[in-house]
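# Structure assessment
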Amino acid sequence: MATVAHRLGHHRVLLRRAFPSPSIFNQNVKISTFGTFSTKKKFILTTSGILATGAAGLVYALNESVKASELELHPPNYPWTHSGVFSSLDHASIRRGYEVYKQVCAACHSMKFIAYRNLVGVCFTEEEARAEAEEVQVLDGPDEEGKMFLRPGKLSDYFPNPYENDEAAKAANNGALPPDLSFITLARHGGEDYVFSLLTGYCDPPAGVEIREGLYYNPYFPGGAIGMAQALYNEIIEYNDGTPATTSQLAKDVSTFLKWAAEPEHDDRKKMAIKALMIFSMLTAVAYYYKRHRWSVLKSRKIVFKPGNK
C-alpha cells in the first residue's frame, strides 16, 4: 500500500509541473450565437442578408429576362428517331435533307466546313459523291501561265459559297448576313427542334405587332421579325426516292441533315458507348468475382503476433 501511495503522489507532482494551472481543464467554452449579439450587430447582419438575397434574385431575374422575350417561343421537343440513347441518325433522311439544302438552302446559306468527301458512306457512295462534286465549278490555280481557272469539283472540295464575300451576301439580303449552316444545330438553343420549328413556324403577326417591310413574322425567331422569307412549301422540290415533299417532311429532312453536319461523329459515338458498356460489364463481373472469392479471404485474414517467452 505504501508503494502504491508513493507512486500516486509522484504522478500528481508530475501533472502539477506539466499543468501548473488546473483552470485549463475547467474553462467554460463560450460559443457566440445570434441571440448574444448586440442590437447594432444584429441589424448589420440582417441588412446584409436581405441585400445579398435581393441581389441574387435580381441577377436571376435579369438572367431569365434575356433568355426569351414575350414575342419568342421555345421550340417543342419533337420525337426524333435519333433521340434515343443508342439510336442512330436516319441516313435516308440525311440524303433527302442534302437534296433540300442543295436545291433550296444553298442559294443563300453556305456550309463551308463540310466537304463532299464527308458524304461518302453516310448518304452517298463514293461514285455518287464524286458526281455531286463535279456538278460545281471551283476556282483553282494559278496554272503554268499564272492564271486562275475553273475546274470541276473534287471530293476534297468543300461546299461552294453562294456569295463571293460577306458584303455581297449582305447586299443581296437587305443588309442581313445569312448564317453558315455547318454547325447551326449546335449554335442555336434547341438544336434541330429550333430549326424545324423555325422553318415551319411562319405565320401572320398577331394583332398589335407591326413588322416593317422586308421582314417576316416568325414566333420562334428572337424578336419575332426575321429577314428570311418562308423557304419551304409543299412540293417545292421532288425527292429522288419518291417521298411526298410536304413542308413538314422537307423541314424534318433538312433538320436531320444539319444535325449530321454539326455532329458527324454522332453514330460512332453511340457505337463506342455500346462497346464500352459491354467491356465494363465484363470487367465488373471479373472485379466482383475477385472481390467476393479472392480478396475477401485476404481481407478477413487475421494475423496475430505472439512474442515468445524469454
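Just so you know, these numbers come straight off a predicted model, no measurement behind them.

## So, the packing of aromatic side chains
- Within this structure, the stated rule accounts for 11 aromatic pairs.
- Look at F113 and F183: their rings are 5.6 Å apart centre to centre, the planes differ by 50°, and that puts the pair in the tilted class. You can see F113 sitting in the loop between α3 (91-103) and α4 (126-134) and its partner F183 sitting in the loop between α5 (166-172) and α6 (184-187), a full 70 residues away along the chain.
- Exposure remark for F113: the relative accessible area of 47% places this residue in the partly exposed category.
- Between the aromatic rings of F257 and W260, the centroid separation amounts to 5.8 Å while the plane-to-plane angle is 35°, which identifies the pairing as tilted. Pair noted here: F257 and W260 are both in helix α8 (residues 247-262), with a separation of three residues, about one helical turn. Each member of the pair, F257 together with W260, is buried.
- Ring pairs connect the aromatic residues Y98, Y101, Y116, F124, F159, F257 and W260, which therefore count as one cluster.

## Here's the deal with the packing of α3 against α8
- Taken N-terminus to C-terminus, the directions of α3 and α8 make an angle of 100°; their axes are 7 Å apart at the nearest point. In terms of orientation, α3 and α8 fall into the roughly perpendicular class. Contacts between α3 and α8 involve S93, I94, R96, G97, Y98, V100 and Y101 from the former and Q249, L250, K252, D253, V254, T256, F257 and W260 from the latter.
- Per-class residue counts for the contact of α3 with α8 are eight nonpolar, four polar and three charged.

## So, unusual backbone geometry
- Across the junction of G141 and P142, the peptide omega takes the value 5°, indicating a cis bond.
- Here P142 is to be found in the loop between β1 (137-140) and β2 (149-152).
- Unusually for a residue other than glycine, N174 sits at a positive phi of about 55°.
- Along the polypeptide, N174 turns up in the loop between α5 and α6.
- According to the relative accessible area criterion, N174 is exposed, its value standing at 70%.
- At E235, a position not held by glycine, the phi torsion is positive, near 60°.
- Within the fold, E235 resides in the loop between β4 (225-226) and α8.

## Quick word on a nonpolar patch on the surface
- Together, V85, F86, I274, L277 and M278 line one region of the surface with nonpolar side chains, adding up to about 510 Å² of accessible area.
- When you line up the elements, I274 lands in helix α9 (residues 266-299).
- Residue I274 is classed as partly exposed on the basis of its relative accessible area of 35%.

## Digging into α8
- Here α8 contains 16 residues, and its C-alpha end-to-end distance of 23 Å stays within 8% of the 22 Å for a straight helix at 1.5 Å per residue.
- With 14 of 16 residues buried, α8 is to be regarded as a mostly interior element.

## Quick look at the side chain of H109
- Summarising the element assignment, H109 is placed in the loop between α3 and α4.
- Classification of H109 as buried rests on a relative accessible area of 11%.
- At 2.9 Å, the side chain of H109 forms a polar contact with the backbone oxygen of P179.

## Some words on the confidence of the model for the chain
- In this model, the chain carries an average pLDDT of 86, and 85% of its residues clear a pLDDT of 70 or more.
- The model gives residues 1-6 a pLDDT under 50, and that stretch makes zero contacts with residues more than four places away or in other chains.
- This model gives residues 21-29 a pLDDT under 50, and the stretch forms two contacts once residues within four places in sequence are excluded.

## Looking at the pattern of salt bridges
- Considering all chains together, one arrives at 14 salt bridges under this definition.
- For the salt bridge of R96 with D253, the shortest nitrogen-to-oxygen distance reads 3.0 Å. You can see R96 sitting in helix α3 and its partner D253 sitting in helix α8, a full 157 residues away along the chain.
- Using a relative accessible area of 9% as the deciding quantity, one classes R96 as buried.
- Through salt bridges that share partners, D90, R96, D241, K252 and D253 make up one connected network.

## What about the side chain of T185?
- Within the fold, T185 resides in helix α6.
- Assessed through its relative accessible area of 5%, T185 is described here as buried.
- Apart from residues lying up to four places away in sequence, T185 is in contact with G191, E192, V195, S255, L258, K259 and A262.

## Thoughts on the packing of helix α7 (residues 192-200) against α8
- Where α7 meets α8, the closest approach of the two axes is 9 Å, and the angle between their N-to-C directions is 150°. In this view, α7 runs roughly antiparallel relative to α8, as classed from their interaxial angle. By crossing handedness, the relation of α7 to α8 is classed as right-handed. Each of E192, V195, F196, L199 and T200 in α7 lies in contact with α8, whose residues at this interface are T247, S248, A251, K252, V254, S255, L258 and K259.
- Classifying every residue of the contact of α7 with α8 by side-chain character gives six nonpolar, four polar and three charged.

What counts as what
Residues numbered from 1 in each chain as written. Predicted model: local features only at pLDDT ≥ 70, side-chain atom pairs only at ≥ 80, totals over all residues. Heavy atoms only, no water. Phe/Tyr/Trp six-rings, centres within 6.5 Å; stacked < 30°, edge-to-face > 60°. Helix = DSSP H or I, 4+ residues; strand = E, 2+ residues; numbered from the N terminus. Buried < 20%, exposed > 50% of the residue type's maximum accessible area, 1.4 Å probe, protein only. Axes fitted to C-alpha atoms, helices over the stretch in contact; angles between N-to-C directions. Parallel < 35°, antiparallel > 145°, perpendicular 65-115°, else oblique. Contact = heavy atoms within 4.5 Å. Nonpolar A, V, L, I, M, F, W, Y, C, P; charged D, E, K, R; others polar. Patch = residues over 30% accessible without salt bridge, like charges linked within 9 Å, V, L, I, M, F, W, Y side chains within 5 Å. Areas by Shrake-Rupley, 256 points an atom, 1.4 Å probe, with all protein chains shown as cover. Salt bridge = Lys/Arg side-chain N within 4 Å of Asp/Glu carboxyl O. Expected span 1.5 Å × (residues − 1). Polar contact = N/O pair within 3.5 Å; in protein donor to acceptor, adjacent residues only side chain to side chain. pLDDT = per-residue confidence, 0-100. Left-handed = near helix turned anticlockwise from the far one by under 90°.

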